[in-house]
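Overview (structure and organization)
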Amino acid sequence: MRALELTEQGLTDEPLREAQARAILAVLSDAMVASLRELAMDPSKVPETQASRRFRLFFEKRGRAEGKVEGKQEALLAVLDARGLSLTAEERAHIEACTVPAELDRWIARAVTAASMREVFAPEPVRAAQRSIPGNRTRVPERKGRKSPTPRKPTRAS
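What you see is a predicted model, and the numbers here were worked out from it, not measured in a lab.

This part takes up the confidence of the model for the protein chain. Confidence in the prediction for the protein chain averages 79 pLDDT; 74% of positions are at 70 or higher. Averaged pLDDT values over the elements of the protein chain bottom out at 55 in helix H8 (residues 128–131) and peak at 94 in helix H5 (residues 89–97).

Next comes the structure, spelled out in structure tokens:
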């Protein structure tokens, strides 16, 4: 296994790499070739270092996340097409550039009932709960003409 691994990593010339791998396999016993064949058929039996496992899992997870985003983009485009809402090249590019699943979900939900693309891409309205969060930069100013309730003084019960 180690000889094949070194051949795979060390040689960049494809024909030479294949010839060396054949030479390595040619000197192995039938039992060793059968063992290698079994390993090749069952990836779970191939030894893996912790570092290579983390690396593999990172890219597998990333691939799944990218696949979900692409699926949501395709779903949004399908809903828009089914509803007859035509897209400009800029709007299509905007959808294809979006990698935030929650935003794509929001656009899909809006696309189901929207009368125009403007409605689909409308910004989220600021909610009352967001106004009262300390340090929130998206605070909505108080309406003019309305007085804030004054705090009452506590009364003593007799």
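This part is about the packing of aromatic side chains. Counted under the stated rule, the structure contains two aromatic pairs. Between the aromatic rings of Trp107 and Phe121, the centroid separation amounts to 4.8 Å while the plane-to-plane angle is 85 degrees, which identifies the pairing as edge-to-face. Placement of Trp107 in helix H6 (residues 101–111) and of Phe121 in the loop between helix H7 (117–120) and H8 is noted, with a sequence separation of 14 residues between them. Its relative accessible area of 3% is what places Trp107 among the buried residues.

Two quantities define a packed helix pair, namely the angle between the axes and the distance from one axis to the other. Relative to each other, helix H4 (residues 50–83) and H5 sit at 150 degrees, their axes nearing to 9 Å. Here H4 is positioned roughly antiparallel relative to H5, judged by the angle of their axes. The hand of the H4/H5 crossing is right-handed. Each of Gln73, Leu76, Leu77 and Leu80 in H4 lies in contact with H5, whose residues at this interface are Arg92, Ile95, Glu96 and Ala97. Split by residue class, the contact of H4 with H5 holds five nonpolar, one polar and two charged.

The residue Arg17 is located in helix H2 (residues 14–26) in this model. Sequence-distant contacts of Arg17, defined by excluding residues within four places in its chain, comprise Thr7, Glu8, Leu11 and Thr12.

To continue, consider the environment of Gly71. Summarising the element assignment, Gly71 is placed in helix H4. On the basis of relative accessibility, which here comes to 33%, the residue Gly71 falls in the partly exposed class. Note: C-alpha distance between Gly71 and Pro101 (30 residues apart in sequence) is 9.8 Å.

Of note, Thr88 is situated in the loop between H4 and H5. Counting along the chain gives 29 residues from Thr88 to Met117, while the straight-line C-alpha distance between them is 9.4 Å.

Conventions used here
- Residues numbered from 1 in each chain as written.
- Predicted model: local features only at pLDDT ≥ 70, side-chain atom pairs only at ≥ 80, totals over all residues.
- Heavy atoms only, no water.
- pLDDT = per-residue confidence, 0-100.
- Helix = DSSP H or I, 4+ residues; strand = E, 2+ residues; numbered from the N terminus.
- Phe/Tyr/Trp six-rings, centres within 6.5 Å; stacked < 30°, edge-to-face > 60°.
- Buried < 20%, exposed > 50% of the residue type's maximum accessible area, 1.4 Å probe, protein only.
- Axes fitted to C-alpha atoms, helices over the stretch in contact; angles between N-to-C directions.
- Parallel < 35°, antiparallel > 145°, perpendicular 65-115°, else oblique.
- Left-handed = near helix turned anticlockwise from the far one by under 90°.
- Contact = heavy atoms within 4.5 Å.
- Nonpolar A, V, L, I, M, F, W, Y, C, P; charged D, E, K, R; others polar.

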